[in-house]
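Observations on the model geometry
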Amino acid sequence: MQVTEQILKEELLYVGKSVPRIDSHEKVTGAAIYSVDMKLPHLLHVKLFRSTVPHAEILSIDTSKALQLPGVRAVVTGRDFPDVLFGAGLNDTPILARDRVRYVGEVVAAVAAESEDIANEALEAINVEYKELPAIYDPVESAGEHPTAILHPNLFKYKVAARMPPNLDPKHPNVCNRVKVRKGDAEAGFKQADLIVENTFSTHLVHAVHMEPIAALARAENDDTITVWSPTQSVYRTRYMLSECLNMPQDKLRIIATEIGGGFGNKLNAVQCEAIAAVVAKKTKRPVKVNLTREEVFATTTTRHPFRIYIKDGVMKDGRIIARKMIAYLDGGAYSGGSGVSVARNAVFGSVNVYDIANISIDNYRVYTSRVPAGAFRGYGTMQVCWAIESQMNIIAEKLGLNPVKFRQLNLIPEGKPSAIGESMHGQTIDTCLEELMKIFDLNKREETAYPWKIGKGIAISEKHSAEPGSCATVVYRYDGDVDVWVSVDEIGQGTQTGIAQIAAEELRIPMDKIRVGKADTFLTPYDSGALSSRQLYNIGNAVMLACDDVKRSICETFSKKYGVSTESLEVEGGKVRSREGKEVDISDLYVKGKSRYGIFLEKGGEFIGTGTWIVETGELDSETGMATLPRINTAYTTAATGAQVAINIETGEIKILKLVSVVDVGRAVNPKLVEGQIEGGLSMGVSTSLYEEMLTQDGKVLNPDFKDYKMLNSNNAFPMIVKILENPSLDGPFGAKGAGEIGIVGVAPSIANAIYDAIGVRVSDLPMTAEKILKGIASRKSGPD
């Protein structure tokens, strides 16, 4: 759906307006029902028995004593499930461990009882005998040809996806995906370069920390279907994976999305709790609820991938980067984390789609280790590579004596030029974002402060891709003028339902209070890929626009047939149909009246119904070269420039954020306040994960799995944020819009690191940035080189 000049200049009634969220009342009053709140009649409660060792063979599982406890209705182990594995891209994960456990906290058995207390008591009666095996925690060591432990001996027999399968290599038995890019000749470029700069950067283990814990409910129905209630970020992905791991047809599974209290990727592959609930519900013929504690959510559900990144650049004296080599090791934990293998692929986009470099060599290794699995997380690999690249850019600029802004601008990909992987980069506005940032964030303006504080400023530029094209929508225009929009929106806090209502109201030119947006339910709402990759508004919005066009066409055809007027002369607006000849009728008048005592309907079709399917043809990456097989790999890119101002206490190492500024081009802000909120949320999450958060582990066990010990950004650390939204409409987004849910987080860490260096000359290359690292860096500078 191409955005035309006419659409851009058209006066809009609802799109572009900061209207309140349509679900705000139920959220602020506490009326919204989350999965943890749900209760069903005759409900059984399930608790999970988990491994206490990081890697071992399971020799025996004795559940006999647990089954004897009063109130226990079932105990299930891996033998109660089909002997299949699940995953997205790589099927490597069992619902319950069968013969081997691979991380502390892996589920070995599940108990269903009349109460949680009884279920917990039964867990203590289960006895599991293990034969411990060597564990491995270093991803670089694990990526080698002869690691000290091989976690998946049958890796090369696992089922892989037909689209975007992982690249496996028998020489590297713990590497579950290797993605490489080769453009030009990087080694020749290094020989030609005037300056070589090489560094290593790392990120750490953090959790999504959504406010709502994880719970799932299931009920076996009389028609052999199973209904599952889940806080999933994708009802259709959950249905597909459940179908695979339970050996059930998809049409026998109904997935209903509950209210979702945040996800950030962690709830994208909602399968394990749902599958356990489904199997137990079928076994007991009772409704079942699996409710994880906060400690279980922290210690046993997917994390962000820690990266270890080596980056080497060859640069000319004039500032042109002519060669870059990057090697990244992604600590994937014990399994693929649902969709974790594709993080190695998606990290490529952040590595190649900003700067114009003639010679590039990239190798990303997603590696198994004996830790809790890593999976999808806000930013999806782009944040980690941006951390390394944007830190490196400031290091190079200083060595060359160049302004860091002009150095970046010199190396940007020109508009329309393909990236290093051959993807056409139209609509890239990073330069514009950077110029706008400099208008409100003056890098050259120095600010004085009293001892022991030092103030510094730093910047970073970034992009975030949007993937997973494919959405469907159904629009029903009812007799009373109300319009139902049936879409599988997974509302995880972005306000997408509201944005969809605004788009539908704009297309039909009716008040927003006439629009109802359905909630995701695989029995009722049509297909959508889900809340991931900043994709929902762009894809579902386009599908809704097509469905609105279709319903208007149906209305016009009915009017034309009834009044003998050409459809070409008709328009639908404000609940009416009018022709150029001046004929105007209410849409309700096109319905049949008086032929039934109980309702009003159309002679054909019952109601005015329109459908729309939006799909974009995108290519893949060649497994050997990383080159794009089509000019378009992703549906859209959102661009941003971030500026951070910090104060550093040189006596204590304390880091204070004085100001964070973000300029983001969102194409068109369908709801500016909601867009601003998403970007502010990303900025806050970026600061929290850069300065405060870290999951600490010992021998594979998470040591701080609660809010008492897992430190986060809080109100005591609040800081001013400035968000400036740019609107350079995308060519085919709904009214020019594109996603904004993730871009805020991407450039935060490097902008802070660059600001710290500007303040005190200390370069932090390993996240998180802590007072201890600041003091160590200051001490190192004082002592000088060894």
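Anything mentioned here points back to the structure above.
Anyway, here's the lowdown on the structure attached to this text. Counting starts from 1 at the beginning of each chain's written sequence and moves along it residue by residue. For a predicted model such as this one, the threshold for reporting local features is a pLDDT of at least 70, and the threshold for listing and counting side-chain atom pairs is 80 or more; totals across whole chains, interfaces and linings nevertheless cover every residue. In computing side-chain properties, one takes all heavy atoms of the structure into account and sets aside hydrogens as well as water.

So, on to the overall build of the protein. Each helix is a run of H or I in the DSSP string that is no shorter than four residues. Each strand is a run of E no shorter than two, and both are numbered from the N terminus. Helices and strands together make up the secondary structure of the protein, namely 19 helices and 28 strands. The reference for a compact globule is 2.2 Å times residues^0.38; the radius of gyration itself is calculated from the C-alpha atoms. Taking 786 residues into account, the globule formula puts the C-alpha radius of gyration at 28 Å, and the protein, at 27 Å, falls close to it. In terms of overall dimensions, the protein has C-alpha extents of about 95 × 70 × 50 Å along its principal axes. Only heavy atoms matter for contacts: two residues are in contact if any of them lie within 4.5 Å across the pair. Pairs at least 24 residues apart make up 79% of the contacts formed inside the protein by residues separated by at least 6 positions. Areas reported here follow the Shrake-Rupley algorithm with a probe of radius 1.4 Å; residue values treat only the protein chains shown as occluding. Accessible surface for the protein amounts to roughly 30,500 Å². Of this, 50% is attributable to carbon and sulfur atoms. Under the counting rule used here, the positive set is Lys and Arg, the negative set is Asp and Glu, and His together with the chain ends is not counted. The atom standing in for a charge is NZ when the residue is Lys, CZ when it is Arg, CG when it is Asp and CD when it is Glu. Each charge class in the protein can be summarised by its mean position, and for the 89 positive and 98 negative side chains these summaries are 0 Å apart.

Here we come to the packing of helix 16 (residues 672–692) against helix 18 (residues 748–760). At a minimum axis distance of 8 Å, the contact between helix 16 and helix 18 shows a crossing angle of 60°. The orientation of helix 16 relative to helix 18 falls into the category oblique. Seen from above, helix 16 lies across helix 18 with right-handed handedness. Along its contact with helix 16, which presents Gly682, Leu683, Gly686, Val687, Ser690 and Leu691, the element helix 18 presents Val748, Ala749 and Ile752. Axis definition: a line fitted to C-alpha atoms, limited for helices to the stretch in contact. Angles are taken between N-to-C directions and run from 0 to 180 degrees. For classification purposes, an angle smaller than 35 degrees is called roughly parallel, one larger than 145 roughly antiparallel, one from 65 to 115 roughly perpendicular, and anything else oblique. By definition, turning the near helix anticlockwise from the far helix through less than a right angle yields a left-handed crossing, and turning it clockwise yields a right-handed one.

For the rest of this paragraph, the subject is the nonpolar core. One broad rule of soluble globular proteins: the nonpolar side chains tend to lie buried together. Throughout, nonpolar core names a set of buried Ala, Val, Leu, Ile, Met, Phe, Trp, Tyr and Cys residues whose side chains join them through atoms within 4.5 Å. For the exposure calls, accessible area comes from a 1.4 Å probe over protein chains only, and a residue counts as buried if that area is under 20% of its type's maximum, exposed if over 50%, partly exposed in between. In terms of nonpolar packing, the biggest core is built from 105 residues, with Ile752, Ile756 and Met769 touching the most fellow members. In terms of residues, this core owes the most to one element, helix 11 (residues 382–400), which gives 10 residues. Among all residues touching isoleucine 752, those that are not within four sequence positions of it are Ala644, Val646, Ile657, Val687, Leu691 and Met769. Formed by 47 residues, the second largest nonpolar core is a distinct cluster that contains Tyr477, Val565, Val577 and Phe735.

Right, let's talk about the packing of aromatic side chains for a bit. We call Phe, Tyr and Trp rings a pair once their centres come within 6.5 Å, taking the six-membered ring for Trp, and we label the pair stacked below 30 degrees between planes, edge-to-face above 60, and tilted otherwise. Following the criterion strictly, the structure yields 10 aromatic pairs and no others. Arranged with centres 6.2 Å apart and planes meeting at 80°, the rings of phenylalanine 201 and tryptophan 387 form a pair that is edge-to-face. Placement of phenylalanine 201 in strand 8 (residues 195–202) and of tryptophan 387 in helix 11 is noted, with a sequence separation of 186 residues between them. Taken as a pair, phenylalanine 201 and tryptophan 387 share a single burial class, namely buried. Plain terms: the ring middles of phenylalanine 559 and tyrosine 563 are 4.8 Å apart, the flat faces sit at 45° to each other, and that makes the pair tilted. Remark: tyrosine 563 and phenylalanine 559 occur in helix 15 (residues 536–563); sequence separation between them is 4 residues, near one turn of the helix. The buried category is assigned to phenylalanine 559, whose relative accessible area is 0%.

End to end, helix 8 (residues 272–284) covers 18 Å across 13 residues, agreeing with the expected 18 Å (1.5 Å per residue, within 8%). Counting buried positions along helix 8 yields 10 of 13 residues, so the element is predominantly enclosed. Where helix 8 is concerned, the buried positions are Cys273, Glu274, Ala275, Ile276, Ala277, Ala278, Val279, Val280, Ala281 and Thr284. Following helix 8 by one or two positions, lysine 285 has its phi on the positive side, about 60°. To estimate how far a helix should extend, the number of its residues minus one is multiplied by 1.5 Å.

A separate point is the packing of helix 14 (residues 496–508) against helix 15. At a closest axis distance of 9 Å, the pairing of helix 14 and helix 15 adopts a crossing angle of 30°. Classified by the interaxial angle, the pair formed by helix 14 and helix 15 is roughly parallel. By crossing handedness, the relation of helix 14 to helix 15 is classed as right-handed. Along its contact with helix 14, which presents Thr496, Gly499, Ile500, Ile503, Ala504, Glu507 and Leu508, the element helix 15 presents Gln536, Leu537, Ile540, Gly541, Val544, Met545, Cys548, Asp549, Val551 and Lys552.

Considering the arrangement of structural elements, one finds threonine 449 in the loop between helix 13 (430–440) and strand 16 (453–466). Given the relative accessible area of 37%, threonine 449 is considered partly exposed. Residues threonine 449 and alanine 647, spaced 198 residues apart in sequence, show a C-alpha to C-alpha distance of 8.8 Å. When sequence neighbours within four positions are dropped, the list of residues in contact with threonine 449 reads Lys454 and Ile455.

Burial runs high along strand 25 (residues 655–665): 8 of the 11 residues are buried. Examined bridge by bridge, strand 24 (residues 636–649) and strand 25 share 10 bridges and lie antiparallel to one another. Pairing of threonine 642 across the sheet is with serine 662, part of strand 25. When DSSP finds two or more bridges between two strands, those strands count as paired. Between strand 24 and the antiparallel strand that follows it, strand 25, lie 5 residues; glycine 653 among them carries a positive phi value of about 85°. Bridging between strand 25 and strand 28 (residues 721–726) involves 6 bridges; their strand directions are parallel. If you follow aspartate 665 over to strand 28, its bridge partner there is leucine 726.

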